[in-house]
Amino acid sequence: AGLCRAAGWTPRPRWSARRLLALSRFSAPQAAVIGLTYLERQAPRFFLGTMFGAAEVGYYFFAVRVTAVTEKLLIGPVRWLAMPTFAKLRAQPDELRAYYQGGVSLTATLLFPFFVGVALAADQVVPLALGPDWEPAVLPLQILALASLRLVFVTWNRSLVRGLGKQSWMLVQSVCRTATALA
């Protein structure tokens, strides 16, 4: 407040309908994608809790957390680097394609062995690390570890679509994915 006063500037609520419309064209599909992703992620917990009880939701959530933390650590940086690079290369399709293919190849080389290893070792590691009470968490962890193999492609595809400025494509994909998850 003191800096504003010293500069002789006071913030005022001003808005432009034209700018708001331009912003909403970009952000509305993204907001819908976020909402659908939330629904997609919560649906399994709801159905597990309704059909089997709280303990199974806990085992499932443990498996989700293991795969989500791995995703954030190993794949997260790709998202932050790939999207601006794709945006920069969108006028150069050959370079964009080479960057995409190289990124998918490198990520697959690193992540496929990791997630397959988690799936194969889960039945030994989970009871050893957490005790025999956690054995029911093994199957959800194995399933989610193998399902996480898709992240190699999903991460690069999302970054590519965003870099190309095609947010509406993300919305269509999210609607299809959520409908499949709820079916």
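Residues numbered from 1 in each chain as written. Predicted model: local features only at pLDDT ≥ 70, side-chain atom pairs only at ≥ 80, totals over all residues. Heavy atoms only, no water.

## Some points on the nonpolar core
The biggest cluster of nonpolar side chains holds 27 residues, and the ones touching the most others in it are Phe-86, Tyr-100, Leu-141 and Trp-156. Going through the elements one at a time, α3 (54-74), α4 (76-89), α5 (93-130), α6 (138-147) and α7 (151-163) are the ones with two or more residues in this core. Top element by residues in this core is α5. It accounts for 10 residues. (Core = buried A, V, L, I, M, F, W, Y, C linked by side-chain atoms within 4.5 Å. Buried < 20%, exposed > 50% of the residue type's maximum accessible area, 1.4 Å probe, protein only. Helix = DSSP H or I, 4+ residues; strand = E, 2+ residues; numbered from the N terminus.)

## Overview of the pattern of salt bridges
Should the charged atoms of two oppositely charged side chains come close, the side chains can pair. What the rule picks out here adds up to two salt bridges. Of the charged contacts, one joins Arg-177 and Glu-40 as a salt bridge, the two residues approaching to 2.8 Å between their closest N and O atoms. Here Arg-177 is found in helix α8 (residues 167-182), whereas its partner Glu-40 is found in helix α2 (residues 17-51), with 137 residues between them in sequence. A salt bridge links Arg-97 to Asp-94; the shortest N-O distance between them is 3.3 Å. Here Arg-97 pairs with Asp-94, and both are found in helix α5, just three residues apart, close to one helical turn. Overall, the relative accessible area of 45% leaves Arg-97 in the partly exposed class. (Salt bridge = Lys/Arg side-chain N within 4 Å of Asp/Glu carboxyl O.)

## Focus: the side chain of Thr-178
Within the secondary structure, Thr-178 sits in helix α8. The exposure class assigned to Thr-178 is buried, which follows from its relative accessible area of 3%. Non-local contacts of Thr-178, meaning those with residues more than four positions away in its chain, are made with Leu-36, Leu-39 and Glu-40. (Contact = heavy atoms within 4.5 Å.)

## A look at a nonpolar patch on the surface
A cluster of nonpolar side chains, contributed by Leu-39, Phe-46, Phe-47, Met-51, Phe-52 and Leu-182, occupies part of the molecular surface with about 640 Å² of accessible area. A per-element tally of the nonpolar patch places α2 first, with four residues. By the secondary structure assignment, Phe-47 is in helix α2. (Patch = residues over 30% accessible without salt bridge, like charges linked within 9 Å, V, L, I, M, F, W, Y side chains within 5 Å. Areas by Shrake-Rupley, 256 points an atom, 1.4 Å probe, with all protein chains shown as cover.)

## Side note on the environment of Lys-166
Mapping Lys-166 onto the fold places it in the loop between α7 and α8. You can call Lys-166 partly exposed: its relative accessible area is 35%. The spacing of Lys-166 and Ala-121 is 45 residues in sequence and 39 Å in space, taken between C-alpha atoms.

## Re the packing of aromatic side chains
Across all of its chains, the model carries nine aromatic pairs by this definition. With centroids separated by 5.4 Å and ring planes inclined at 70°, the aromatic side chains of Phe-46 and Phe-47 adopt a geometry described as edge-to-face. By relative accessible area, Phe-46 is classed as exposed at 54%. Classification of Phe-47 as partly exposed rests on a relative accessible area of 37%. Here Phe-86 and Tyr-100 contribute two aromatic rings whose centre-to-centre distance is 6.4 Å and whose plane-to-plane angle is 45°, an arrangement assigned as tilted. Residue Phe-86 is found in helix α4, and its partner Tyr-100 is found in helix α5; the two are separated by 14 residues along the sequence. Comparing Phe-86 with Tyr-100 shows no difference in burial state: the two are buried. (Phe/Tyr/Trp six-rings, centres within 6.5 Å; stacked < 30°, edge-to-face > 60°.)

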